[in-house]
Amino acid sequence: MMQAPEPAKRSPWALRLAISGGVMLLLGAILVQSQASAISEAMDPREQHHGAYTGEGTYRTDALSDTCYRFYQEEGDVPLSVQLYRVEGDTMVGEALEQKKCLLDWQPMTADGTVMVERAAWSLNGSGEFAVLVDCEEDCSETTGWFVSVDEIPETLMQSTSLLFGGAMCCLGIMTTPIALIVYFASKPSRSPRVMMVGEDGRLIPITDINPDHPTLFEQPDPSIPTQQKVAPPFADTAEHQPSETFVDGLNDVAAGTLLTTEQVYALMRGDVEGAQEHAKTGRYQTTSAEEAIQDAANAAAIASWDEGVPLAEPQAVERKTAAPTRKTSPAESAAPSNAWKDWDEQ
């Protein structure tokens, strides 16, 4: 006995991707958390800086080779006014460098939650020695600021292999989640029927499950109960009627000359070939003559004139030519039926 097929299921790859994404995200978070001290060391200006300056004064820096520099101090301290000058020998040259924002994607981060305030930023075009001039309007003898190279922040982070691996796993885990959702919804089984059948009344019947127990697929109409399509007026007389299975119409075969009528068979049995040929042109197989065509046209014209109210002369009946009578057999042929087959073969 055949069993019904299992219902369609979603693709298992969606669940697999979701699980793998969650695992990668968890492992990445653990690795990143284990490198919290390295992150704090790289992004906290108090731990990684080029110089720390307290109070007012002019502070000479060492050679600067990076591009982006900033000056930070803790939030709530006395605001410091900072300017940067180039140094040649022991003398500051030219005017203070113009401040310019740079590397805005990298901002300071502290492990204890202390907020760092940016007081100045510069973008240097070349290396050399510089001097930082710090000034303040209030007493800032105990206020400290940090001169930081922003370029060193990503360089320090890239030196930690565990931190890079953990960040990469976190990114992959976050990217896997939407991919798993796409696969989950794309593999949703369709609820629409895959097979449609035409019922006895002409309606489309959906078949969702093809199995041996489906009634529409295997029930057949009772042959003892006649089924006839009902057609409402005024088209009831135009309904197509199926011919009986026991009736065989050989009109086309007779017209093509591949089938003989009963009269032709009997005429040939009597040896009357001409009579058999005449039978093919009479009765239901007789062609329409010219006189009959004229008579039919006259009758059609008379009917049209009656519909339009125009009286016409009544059409005259045209004599129809009857088919030529079949050749009568001689008394000698009718008197000796036993020799009819012999005479026919000898012809």
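About the thresholds
Residues numbered from 1 in each chain as written. Predicted model: local features only at pLDDT ≥ 70, side-chain atom pairs only at ≥ 80, totals over all residues. Heavy atoms only, no water. Axes fitted to C-alpha atoms, helices over the stretch in contact; angles between N-to-C directions. Helix = DSSP H or I, 4+ residues; strand = E, 2+ residues; numbered from the N terminus. Parallel < 35°, antiparallel > 145°, perpendicular 65-115°, else oblique. Left-handed = near helix turned anticlockwise from the far one by under 90°. Nonpolar A, V, L, I, M, F, W, Y, C, P; charged D, E, K, R; others polar. Buried < 20%, exposed > 50% of the residue type's maximum accessible area, 1.4 Å probe, protein only. pLDDT = per-residue confidence, 0-100. Contact = heavy atoms within 4.5 Å. Phe/Tyr/Trp six-rings, centres within 6.5 Å; stacked < 30°, edge-to-face > 60°. Lys NZ or Arg CZ within 6 Å of the ring centre and 35° of its normal.

Asker: I'd like a description of the packing of helix α1 (residues 13-34) against helix α4 (residues 161-186), backed by residues and values.
Answerer: Two numbers describe how α1 lies on α4: the axes approach to 7 Å, and their chain directions differ by 160°. If you check the angle between α1 and α4, you find them roughly antiparallel. Once α1 is placed against α4, the crossing between them reads as left-handed. Considering only residue class, the contact of α1 with α4 consists of 20 nonpolar, 8 polar and no charged.

Asker: Just give me the short version of the environment of Ala 186, but keep the residues and values in it.
Answerer: Along the chain, the position of Ala 186 falls in helix α4. A residue is classified by how much of its surface remains accessible, and Ala 186, at 65% relative accessible area, is exposed. In this structure, the C-alpha to C-alpha distance between Ala 186 and Ala 14, residues 172 residues apart in sequence, is 9.4 Å.

Asker: Can you lay out the confidence of the model for the protein chain for me, pointing to particular residues and giving the numbers?
Answerer: Residues at a pLDDT of 70 or more form 63% of the protein chain, whose mean pLDDT is 75. Throughout residues 1-5 the model reports pLDDT below 50, and contacts reaching past four residues in sequence, or to other chains, amount to 4 contacts. Overall, residues 328-337 carries pLDDT values under 50, and its contacts beyond four positions in sequence, including any with other chains, amount to 1 contact.

Asker: Mind laying out the packing of aromatic side chains, listing which residues take part and the relevant values?
Answerer: When we look at a pair of aromatic rings, we describe it by the centre distance and by the angle of the planes. Per the counting criterion, the structure on display carries 4 aromatic pairs. Their ring planes at 5° and their centres at 5.3 Å tell us that Tyr 69 and Phe 147 sit as a pair that is stacked. Pair noted here: Tyr 69 is in strand β3 (residues 68-74) and Phe 147 is in strand β8 (residues 144-149), with a separation of 78 residues, a long-range link. Between the aromatic rings of Tyr 184 and Phe 185, the centroid separation amounts to 5.3 Å while the plane-to-plane angle is 80°, which identifies the pairing as edge-to-face. Classification of Tyr 184 as partly exposed rests on a relative accessible area of 36%. For Phe 185, a relative accessible area of 56% gives the class exposed. Among the aromatic residues, ring-to-ring pairing joins Tyr 69, Trp 122 and Phe 147 into one connected group. Taking NZ or CZ as reference, Arg 16 lies 4.8 Å from the ring centre of Trp 13, over its face.

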